[in-house]
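Here is what each chain is made of, one letter per residue.
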Amino acid sequence: MEVLKLAAPETVLVVIALAVLAVDLLALRGQPVSMRFGIGAAVAGLGCAATMLMLLGRHAHANLFDGMLVVDPLTNVVKAAIVLLTLFTVLISTAGKFTEHVGEYLALILLATVGMMFLVSAEDLLMIFISLELLSLSLYVLTAFNKRNIKSAEAALKYFLFGGMAAAFTLFGLSLLYGMSGSTNLHRIAEGLAGKGMDPLLIVAVVTTLIGFGFKVAAVPFHLWAPDAYEGAPTPSAAFIATGSKVASFFILAKIMMIGFAGAEGSAAWRTFISGWMPAMALLAALSMVLGNLTAIAQTSLKRLLAYSAIAHGGYMLLAVMANNEAGMAGLLYYVITYGLATLGAFGVVQVVEDATGNDSIISFTGLSRRAPALSLCLLVFLLSLGGIPPLAGFFGKFFVFSAAVGADGNHLGLLWLVILAIAMSAVSFYYYLRVLKAAYVADGADVTQATNMMAVPVATLAALVLLAFLVVILGCAPALLMGLLQAGDQVGH
Amino acid sequence: MENAQAYLFYVFAALAVICAIMVVANPFSRSPVTSAMFLVLTMGCLAGLFTLLHAFFLAAVQILVYAGAVMVLFLFVIMLLDLKEEQRRQVKSLSLVAGLVSVGAILAIFVRSLIATKPGEGALANVEGSTSKLGKLLFTQYLLPFEIVSVLLLVAMVGVVLLSKKDLK
């Protein structure tokens, strides 16, 4: 019964998901969609809040079934962050008009969260794969939710096919790892691989595993699904794919690389490349940063722009994984959590504007500062944070990641070339973020006519967005609030 | 006895590879039904390999679920969709070269590791294949993945019902 005690937060979420489904299907038939969304979101939100309290209130250290469920302060903080992102996703979807299947929608979001939480707790290949599949399968369905829009179905099919291929690659890599080390536990895999050097088979395992996870975190050149999926999916689903699932995937990718492939790092230092996972990941990171940022400039749809910006941010985060130490891990988590908050907020704003104007092109944001002042102020905070302007959270995320990459022991400034590239590319990213803000704040004369009437902003969404913006500002002004938790957890964990 | 097992292994392995090739590149027939039937044969050979590894439960499940239930569904779908003979697709020479190079590289690495390894060497996995032992494992050490798979199936079920249902408006 220790399982039930340690997996209590996950269990609670599963029960809440079933409850949401049951309440919606049994008691609320025939009610208007907005009311069903309100009641469902209230139940789901209360469940998320309870789960967060449970996660942050416990101090247990446990390792169940040989790494299948690892509970320590660090995983608790990461899980709490994921549940927080889920809570906000639920809040911004309450005003949605994209589906009548409210119960199923909320239940799938909660079940995907359960997948993420198990993923975060896993140090065993079997658990990693199963929870990854639980997460992916829920996300495919969430992408296809808008049945009135053919683009949603197209996006889901693309995401599903790419994701299926990626799962096959991951499985191939993981089975090679198992074959070489005789264990599915990450720590034991590292022991089994130690002293064997860079076996060619190990290289195949590294590359296929990286390909699989590269799809999951949308790193170039495995990013092709992301813009279409973000554009076609209902906006809250896209926000969920871009935030919560990123947190979980990056955490587990870092864990696999840092623990499982310990000893097979190689080196990505300039002019002294040694084969291992570092140079392969350096390639992914560099390509993602360059291609993501440059392609984002050309986008006219804000959702596609956010997709390419997500790809670019994925490149920076890979840099943190390559730091390969505790500072890198803490920096990565700080970055991905604050990025998640800002991106979720940006998608929330897109959702409101999309509902009001019918599309998400940057032109529809013209004069937003006059039509919805509070909304555009939130957008300002989110985009500037994504761009990395101090004193917002995004700046400190970049600061922690870059300093971890530069200061990583044993690299002797070897990753400096990537850090310089990253800084240059984040300068490029200002351009496209500011382009959106220019449309919102500095309207051209020709568009002023349509920009006079006020825009109706749903109360729950506005509250969620203001809260998100507040969090982004607070974490920027006092980064130690989150960083302290992450570092404390990380030190105890090791 | 040892020898007989080794011969059986080679027979099953060779048959599995040949049948698998026939699934995707059958020179005599391009009908999807033929491909599906060859897939059944491949599954059967794999079940034979599992038996040789003493994974009897897995072998039985392979026959019952994959060769039986899944392939029957496959055939139903093919018949319901009334698929015609597959058109031969034009393969771009660039993707052909890229595919051949990567497959060749991986094959070379496999052959190299195979030659480098002596029999009996390498990591040994202690896996039990009999039904009762498997059942015990599933409800002790692998309890958590087992339960998560049930959630996974729930998600799949909800998803399928949702996507296949016609909206009434």
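Located above this text is the structure these notes cover.
These remarks concern the structure in this document.

Rules behind the numbers
- Per chain, the residues get numbers from 1 upward, laid out in the order the sequence is written.
- Chain letters and ligand numbers both follow the written order, the letters beginning at A and the numbers at 1.
- In keeping with the model being predicted, local features are shown solely for residues with a pLDDT of at least 70 and side-chain atom pairs are shown and tallied solely at 80 or more, while totals for entire chains, interfaces and linings include all residues.
- Note: side-chain values were computed over all heavy atoms of the structure, leaving out hydrogens and water.
- Put simply, DSSP H or I for four residues or longer makes a helix, DSSP E for two residues or longer makes a strand, and each gets a number counted from the N terminus.
- Exposure classes here rest on a 1.4 Å probe applied to the protein chains alone. A residue is buried below 20% of its type maximum, exposed above 50%, and partly exposed in between.
- A contact between two residues is defined here by any heavy atoms of the two lying within 4.5 Å.
- For the radius of gyration, the atom set is restricted to C-alpha positions; the globular benchmark scales as 2.2 Å times the number of residues to the power 0.38.
- Where accessible areas are quoted, they stem from the Shrake-Rupley method and a 1.4 Å probe; at the residue level, only the protein chains shown are allowed to cover.
- Charged residues are defined here as Lys and Arg on the positive side and Asp and Glu on the negative side; His and the ends of the chain fall outside this count.
- Charge placement uses NZ in Lys and CZ in Arg. For Asp and Glu, CG and CD serve respectively.
- In short, buried area is how much 1.4 Å probe accessible area vanishes from two parts on joining, totalled over both.
- By definition, a salt bridge exists where a carboxyl oxygen of Asp or Glu is found within 4 Å of a side-chain nitrogen of Lys or Arg.
- We call two N or O atoms a polar contact when they sit within 3.5 Å, provided that within protein one can donate a hydrogen and the other can accept it, with sequence-adjacent residues counted only if both atoms are side-chain atoms.

1. Details of the overall build of chain B
No. 1: When you go through chain B residue by residue, the secondary structure sums to six helices and zero strands.
No. 2: Ordered by position from the N terminus, the helices and strands of chain B form the series α-α-α-α-α-α.
No. 3: Evaluated residue by residue, chain B yields a buried proportion of 22% over its 169 residues.
No. 4: Considering only contacts in chain B between residues 6 or more positions apart, those separated by 24 or more positions represent 57%.

2. Quick look at the overall build of chain A
No. 1: Per the secondary structure count, chain A includes 21 helices and two strands.
No. 2: Compactness check: chain A gives a C-alpha radius of gyration of 22 Å against a globular reference of 23 Å for 494 residues, within 12% of the reference.
No. 3: Taking the principal axes of the C-alpha coordinates as reference, chain A spans close to 70 × 50 × 40 Å.
No. 4: For chain A, buried positions account for 63% of its 494 residues.
No. 5: Contacts in chain A between residues at least 24 apart in sequence constitute 79% of all its contacts with a sequence separation of at least 6.
No. 6: Within the structure as shown, chain A displays about 16600 Å² of accessible surface, and the carbon and sulfur contribution to it stands at 71%.
No. 7: When the 23 positive and 24 negative side-chain charges of chain A are each reduced to one mean point, those points stand 8 Å apart.

3. Focus: the side chain of Thr461(A)
No. 1: Following the sequence through the fold, Thr461(A) ends up in helix H20 (residues 459–477).
No. 2: By relative accessible area, Thr461(A) is classed as buried at 1%.

4. Let's talk about the interface of chain A and chain B
No. 1: Counting residues at the interface gives 34 residues for chain A and 27 residues for chain B.
No. 2: Contact between chain A and chain B buries roughly 2900 Å² in total, counting both sides, with carbon and sulfur atoms accounting for 81%.
No. 3: Among the residues of chain A in contact with chain B, Phe65(A), Ile130(A) and Lys147(A) are the three that bury the most area, contributing 18% of the side total.
No. 4: At the surface where chain A touches chain B, the tally comes to zero salt bridges.
No. 5: If you look at where chain A meets chain B, you find two residue pairs in polar contact (both at pLDDT 80 or more).
No. 6: Looking at the side of chain A that touches chain B, the elements with two or more residues in it are helix H2 (8–27), helix H5 (102–121), helix H6 (125–143), helix H7 (150–181) and helix H9 (200–216) of chain A.
No. 7: Of all the elements, H6(A) adds the most residues to the side of chain A that touches chain B, at eight residues.

5. As for helix H11 (residues 235–242) of chain A
Given 3.6 residues per turn, any residue in an α-helix points the same way as the ones three and four places further on.
No. 1: In terms of burial, H11(A) is a largely internal element, eight of the eight residues being buried.
No. 2: Where H11(A) is concerned, the buried positions are Thr235(A), Pro236(A), Ser237(A), Ala238(A), Ala239(A), Phe240(A), Ile241(A) and Ala242(A).

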